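Examination of the molecular architecture
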Amino acid sequence: MDMNSKVRLGILVSGGGSNMQAIVNACATPHLDCAEVKLVVSNRSDAYALDRAKELGIESMLIDPKQFPDRNAFYKKIILEMESRGIGLICLAGFLLKLEPNIIQRFKGRILNIHPALLPKFGGKGMYGHFVHETVIKAKEKETGATVHVVDEEFDHGPIILQKKVPVFPEDDAGKVAARVLQLEHKLFPEAISLYIKEYLRKGKV
Ligand code: GRF
């Protein structure tokens, strides 16, 4: 890999897209000047992330799983769109569908996910959005955080690239914890992407 060429990022989203926006913004700064966002794909037509991408001038598209006979075919289409733009790293930024082996194999070691908790705790099926933070509060945790990891075949699993913590206060509700974690995510994801590109992709470890 050419050390000076930017790694092209493809971002998969299902919702608000604030992490996607944080990545796009960071690419315009020295924090993440080794990357550029080339494509945003949403599986949902109502994802606010699509509006954000338009405003940011980033190419975006809806790929609706209901338009495909099965998930395999859906991911085949995503692979096609990513490969035709030379995407070197896929970032899951609030993408709520489980990946199929075809895309995991095709982009082996080249898909990163952000999860709003300290994995391996509070991950897995059903652990998304406010469910994560409600479970953290119920468990009386004194701290939570966010994790960026390489995606493998298991949900919320795979080598951890970076993880950071925030406190949980006794008076917190899930909304307060969610806001604190999301703010952390906006710094953590760009930092983890930069680290992964410099320490793994560019050193040929993937
Ligand atoms: C984040 O908390 C992320 O960790 C989780 O979904 C949320 C997405 O938020 N996977 P946004 O769409 O980036 O605003």
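Whatever comes next refers back to the structure up there.
Below you will find a few notes about this structure.

Here is what the cut-offs are and how they apply
- Residues numbered from 1 in each chain as written.
- Predicted model: local features only at pLDDT ≥ 70, side-chain atom pairs only at ≥ 80, totals over all residues.
- Heavy atoms only, no water.
- Phe/Tyr/Trp six-rings, centres within 6.5 Å; stacked < 30°, edge-to-face > 60°.
- Buried < 20%, exposed > 50% of the residue type's maximum accessible area, 1.4 Å probe, protein only.
- Lys NZ or Arg CZ within 6 Å of the ring centre and 35° of its normal.
- Axes fitted to C-alpha atoms, helices over the stretch in contact; angles between N-to-C directions.
- Helix = DSSP H or I, 4+ residues; strand = E, 2+ residues; numbered from the N terminus.
- Parallel < 35°, antiparallel > 145°, perpendicular 65-115°, else oblique.
- Left-handed = near helix turned anticlockwise from the far one by under 90°.
- Contact = heavy atoms within 4.5 Å.
- Nonpolar A, V, L, I, M, F, W, Y, C, P; charged D, E, K, R; others polar.
- Pairing = 2+ DSSP bridges.
- Right-handed = clockwise from strand over helix to strand, strands pointing away.

**Observations concerning the packing of aromatic side chains**
With the rule as written, the count across this model stands at 4 aromatic pairs. Each ring, one from Phe 68 and one from Phe 74, has its centre 6.1 Å from the other, and the planes form 65°; the classification is edge-to-face. Consider the rings of Phe 74 and Tyr 75, whose centres lie 4.8 Å apart with planes at 65°: the pair is edge-to-face. Assessed through its relative accessible area of 1%, Phe 74 is described here as buried. Taking the relative accessible area as the measure of exposure, Tyr 75 reaches 0% and is therefore buried. The structure contains a cluster of three or more aromatic residues connected by ring pairs, namely Phe 68, Phe 74 and Tyr 75. Between the NZ or CZ atom of Lys 205 and the centre of the ring of Tyr 200, over which it lies, the distance is 5.5 Å.

**Here we look at the packing of helix α5 (residues 129-138) against helix α6 (residues 174-201)**
A pair of packed helices is captured by two measures, namely the crossing angle of their axes and the spacing between those axes. Here α5 crosses α6 at 115°, and the two axes come no closer than 9 Å. When the interaxial angle is binned, α5 and α6 end up roughly perpendicular. The crossing of α5 and α6 is right-handed. Of the residues in α6, those touching α5 at His 130, His 133, Glu 134 and Ile 137 are Ala 174, Val 177, Ala 178 and Val 181. By residue class, the composition of the contact of α5 with α6 is 5 nonpolar, 2 polar and 1 charged.

**A look at the pairing of strand β5 (residues 111-115)**
Buried residues dominate β5, accounting for 5 of its 5 residues. Side chains of β5 alternate between two faces, with Ile 111, Asn 113 and His 115 and Leu 112 and Ile 114 buried alike. Bridge analysis of strand β4 (residues 89-92) against β5 gives 3 bridges, and the strand direction is parallel. Considered in β5, the bridge of Cys 91 is made with Leu 112. Taken together, β4, helix α4 (residues 101-106) and β5 constitute a β-α-β crossover, and its handedness is right-handed. The pairing of β5 with strand β6 (residues 143-150) spans 4 bridges and is antiparallel. When the sheet's bridge partners are listed, Asn 113 is paired in β6 with His 149.

**As for the pairing of β4**
Taken residue by residue, a regular strand's side chains alternate between the two faces of the sheet. In β4, alternate side chains face the same way, and those of Leu 89 and Cys 91 on one face and Ile 90 and Leu 92 on the other are all buried. The pairing of strand β1 (residues 7-13) with β4 spans 4 bridges and is classified as parallel. Looking across to β4, one finds that Ile 11 is bridged to Cys 91.

**Looking at the packing of helix α1 (residues 18-27) against α6**
α6 packs onto α1 with a crossing angle of 45° between their chain directions and a minimal axis gap of 9 Å. Here α1 is positioned oblique relative to α6, judged by the angle of their axes. In the packing of α1 onto α6, the handedness of the crossing is right-handed. Packed against α1, whose contacting residues are Ser 18, Asn 19, Ala 22, Ile 23 and Ala 26, the element α6 presents Leu 182, Glu 185, His 186, Phe 189, Pro 190 and Ile 193 at the interface. Class assignment of the residues belonging to the contact of α1 with α6 gives a composition of 7 nonpolar, 3 polar and 1 charged.

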